[in-house]
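Breakdown of the fold
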Amino acid sequence: MNDEALQSLLDIDENYPTPQVNAFLAQPQNRAFLEYVHKDPFGCHVFPGDIVDYPLSAFFTDMEADIRQAGKIHLWAYIPTCRYRCHFCQYPTVILNPKAPASQEVFRDLVDFNIKEARMWLARVPSLAEVEIGEFNVFGGTPSLLPEPELRRMMAFYYSHFNFANATLRFEGEPGTLNKAYLTLLKELGFSKISFGTQSFNDDIITACGRMHSAEECVETIYHARALGIDWVSVDLIYGMLGQSVDDVKYDMEKTLALDLSHVVCTKLHMDEFIKNRTGVSGERESLWQKKGLISVNNMRFPGLGKQYQMRELVERYLNDGYTEHPTMYFHRNDQQPEKWKALITDLDKQYPEVAIGLGGSSKSTRSEAINLTGYKKYKDALNEDRLPIEESRGFSPIQREVNAFKMALSTLLPVDDRVFKRRFDGNSLFANPVIHHTLKTLVDKALVTVDGPCVRLTPIGVTLVEAIINTQFSAEFPHQE
């Protein structure tokens, strides 16, 4: 057993109950789970392909066929500019002073590159121009740094080249830049969803993670959006932050309820390298906190694993009555719909294709995936040479397609229904898949899931550990648990 991981698990706040998950993680036979959560990689929605060196031409063929069958997709546009780099950030970013004259050229280039890349996609996947866009997500980085003319230019392109007839438009920004004027612009351009990270409503913790906004600015952004008729506002919170206590998370939850947020994302701090797992958009360098170590920075300490799970239980306790968690980490108020883009990607009856335009993006169909370059120079060079900035493409074997579909469905926290699975896979049962079959036996024995007729359900501990389940328990080699 990893002594460091076990000691971290035992680091709890005596004023709060010992987390329910602690007894499970402390057992020697569950060390794979403990070591996974202690390393803290981000992996709840990572479903890598198992066929390497998959031809890019075959990927585009797969995508065309999948889009025709699905009839709906999720579309991303990634804008990597930021005015500073957060201490936990591992995403590919271009740091600039948005007010500097030289930055205006960078903004023009980024929109030019994004449009050029999108045009190349349209040329290779003809159905992309016609398929219904379920949700269009402009994310970053800090897209709200884009000057108005550049944002208008980019959106004019997307409106004229993609089917936005029934699309929901979602925009991610940063409280220091999502002011009333910019929100008014977004409303005019058709955005009905706003997302931003505050990470905490405690200014000391916000400052410790390197962000240059206040908790009050976050609150102002929420009220400004509502005043403009943008009622769907999602706020990102992180637990496990430098200097954060369990009491701090309690305050964040009280603030969440007081603000009556429609949607809130509560994420455990992830310190392992994203690039190892390739999740959505990945960077290619360590965060500042990774460079300095995982224990303490400037005499401030990171809470241990035990405290992090006490924080997770607080989140559940405060949100259970008025909110639903779907998928993992994403909470929606019960009178609101869940995250549309997540449902499009993960719900078993959907799992539609997604196309990500921009630096570090990851696009996938049910049969294969393509992963963009993460270095900005290489990204620019590829597009200047009229090449799509794709670093690699991978395929999914028939068995892996079923495994990935099951894992994605498990991450929604909804029961996984074999009847729906059979409709997806020409009558094949999830229970007949050799990888799923062997894994389910282990998960049932460990009381992480229950099987009731055709349905597989996560237990409460399974819900908490769903990331670890997805990323440690599914293997074609069927390894035994030590």
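Residues numbered from 1 in each chain as written. Predicted model: local features only at pLDDT ≥ 70, side-chain atom pairs only at ≥ 80, totals over all residues. Heavy atoms only, no water.

An unreviewed UniProt entry annotates the protein chain as Radical SAM protein originating from Serratia montpellierensis.

1. Details of the environment of Glu117
Within the secondary structure, Glu117 is located in helix α5 (residues 101-124). Given a relative accessible area of 0%, Glu117 falls into the buried group. Along the sequence, Glu117 and Glu220 sit 103 residues apart, while their C-alpha atoms lie 36 Å from each other. Setting aside chain neighbours within four positions, we find Glu117 in contact with Ala356, Ile357, Gly358, Asn372, Tyr379, Leu383, Leu388 and Pro389. One polar contact links Glu117 to Tyr379, side chain to side chain, over a distance of 2.7 Å. (Helix = DSSP H or I, 4+ residues; strand = E, 2+ residues; numbered from the N terminus. Buried < 20%, exposed > 50% of the residue type's maximum accessible area, 1.4 Å probe, protein only. Contact = heavy atoms within 4.5 Å. Polar contact = N/O pair within 3.5 Å; in protein donor to acceptor, adjacent residues only side chain to side chain.)

2. So, unusual backbone geometry
Residue Gly141 follows Gly140 across a cis peptide bond; omega there is 25°. Note the cis peptide between His326 and Pro327, where omega equals -5°. Of note, Pro327 is situated in the loop between β11 (323-325) and β12 (330-333). We note that Asp260 has phi near 55°; this positive angle belongs to a residue other than glycine. Take Asp260: it is sitting in the loop between α10 (246-259) and β8 (263-268).

3. Re empty space enclosed by the protein
Overall, the coordinates contain six cavities of 30 Å³ or more when judged by the stated rule. Reported here for the second largest cavity is a volume of approximately 180 Å³. Per-element tally for the lining of the second largest cavity: the top contributor is helix α19 (residues 466-472), with three residues. Of the residues contributing to the lining of the second largest cavity, the split by class is ten nonpolar, three polar and four charged. (1 Å grid on protein atoms, 1.4 Å probe; cavity = no way out; pocket = protein on both sides within 12 Å on 5 of 7 lines; lining within 4 Å. Points joined across faces, edges and corners; volume = space filled by probe spheres on them. Nonpolar A, V, L, I, M, F, W, Y, C, P; charged D, E, K, R; others polar.)

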